[in-house]
Amino acid sequence: MRVADEAGARDGLQGPYRSPRNMAGGVHGSIHEDATATKLGFRGGTVAGSIHMDQFVPLILQTYGERWFEGGNLSLQFKTATVDGEAVRAELHPGRERARLCMFNEQVDLICEGTAADHADAGSELSRRIQAQEPAPRNAIRILSHVHVGAEAHDVPLTVARDSLAERLQTITEPLDRYAGDRAVLPPSMVVHLAHGARSAVVGAAQGVGLFGALEIQFLQGPLRAGVAYVGRTRVHALTESPKTENVWYDVLIADPATGRDQARVTFCLRFMKASSPLWSEAA
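Calculation criteria
- Residues numbered from 1 in each chain as written.
- Predicted model: local features only at pLDDT ≥ 70, side-chain atom pairs only at ≥ 80, totals over all residues.
- Heavy atoms only, no water.
- Pairing = 2+ DSSP bridges.
- Helix = DSSP H or I, 4+ residues; strand = E, 2+ residues; numbered from the N terminus.
- Contact = heavy atoms within 4.5 Å.
- Axes fitted to C-alpha atoms, helices over the stretch in contact; angles between N-to-C directions.
- pLDDT = per-residue confidence, 0-100.
- 1 Å grid on protein atoms, 1.4 Å probe; cavity = no way out; pocket = protein on both sides within 12 Å on 5 of 7 lines; lining within 4 Å.
- Points joined across faces, edges and corners; volume = space filled by probe spheres on them.
- Nonpolar A, V, L, I, M, F, W, Y, C, P; charged D, E, K, R; others polar.

Enquirer: With reference to specific residues and values, describe the sheet that holds strand β9 (residues 245–255).
Expert: Reading across the sheet, the ten strands line up as β1-β3-β4-β5-β2-β7-β10-β9-β8-β6 and stay open at both edges, with antiparallel pairing between neighbours. What marks the edges here is a single partner per strand, and that holds for β1 (13–14) and β6 (152–158). Pairing between strand β8 (residues 230–241) and β9: ten bridges, direction antiparallel. Following the sheet pairing, V231 is matched in β9 by A255. Docked against the sheet, helix α3 (residues 57–64) engages β1, β2 (73–78), β3 (88–93), β4 (99–105) and β5 (110–117), running at close to 20° with respect to β3.

Structure follows, in structure tokens:
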């Protein structure tokens with residue numbers, strides 16, 4: 001999607017151009033691998049959408065302060081995939097209930113758009129989009145035919161090791177002090193990584209190449225930290241489809257096993273490319 005006129009941040013905040021890295025390019029058969037991505041019509045191996053979330057944090061903290069890590073919301077829909085080292089810039093435009101977010105590359109292509117808030121936001125980008133979805137007929141779902149709306153999984157162990165966070169910090173575009181030290185806070189990309197540990201509990205071994213279509217983080221009693229053993233539970237909200245993809249929308253609630261209290265919720269829209277699946281081949 002191309003925006004004809006670059007409005008800049010006349011009514012908001014604008015960060016510098018950054019060049020996020022695709023550190024998963026060596027994962028064979030994934031959307032991050034050049035060979036797989038170009039075969040599916042992308043320019044190259046894609047940078048995970050979760051990586052782009054980190055670039056909004058300085059603007060969010062400037063708007064809402066450190067309390068955002070405790071009870072704030074960040075909700076994005078991804079519009080254009082980026083490749084390794086592609087320069088992008090984040091913008092935040094404040095509003096009464098929530099801020100509007102957007103990101104552009106140097107060609108003024110819209111990379112993602114969404115919302116941020118310092119509270120539990122029932123009107124977030126993903127909340128509105130999930131409500132607007134038309135459910136796919138069951139005969140239009142092949143890759144995700146084993147997944148059912150309302151399905152739940154419980155007691156899923158979720159952890160981000162300290163060395164995993166340290167590795168992420170080597171390439172993160174916004175290396176904040178809060179992400180380092182003995183009580184390191186997880187940046188958004190690593191919160192998504194933590195919750196993504198429940199993927200197999202939701203979709204199993206789906207026969208297709210997947211990518212993030214949209215992501216939302218809602219802190220409930222945050223922040224989340226590295227080296228802590230959390231427990232997750234999942235719920236599937238919707239199954240949808242487009243000419244190119246099958247999509248599953250689901251939540252992962254992340255709880256402290258000692259207290260049972262939910263610390264955060266991550267909402268996913270995972271898209272699976274039909275062209276990548278033998279279930280959508282001409283012989284299927």
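Enquirer: Go over the confidence of the model for the chain with me, naming the residues and quoting the values.
Expert: Of all residues in the chain, 95% have pLDDT values of 70 or greater, and the mean over the chain is 93. Of the regions scoring below 50 in pLDDT, residues 1–9 engages in 19 contacts with residues more than four places distant in sequence or in other chains.

Enquirer: Describe the layout of surface pockets, and please don't skip the residues or the numbers.
Expert: By volume, the largest pocket amounts to about 1300 Å³. Surrounding the largest pocket, 48 residues form its lining, H32, V47, A48, G49 and F212 being those nearest its centre. Mapped onto the lining of the largest pocket, the elements with two or more residues apiece are α2 (49–53), α6 (162–169), α7 (188–196), β7 (210–219) and β10 (262–273). Per-element accounting of the lining of the largest pocket gives the leading share, five residues, to α7. Among the residues forming the lining of the largest pocket, the class breakdown is 20 nonpolar, 21 polar and seven charged.

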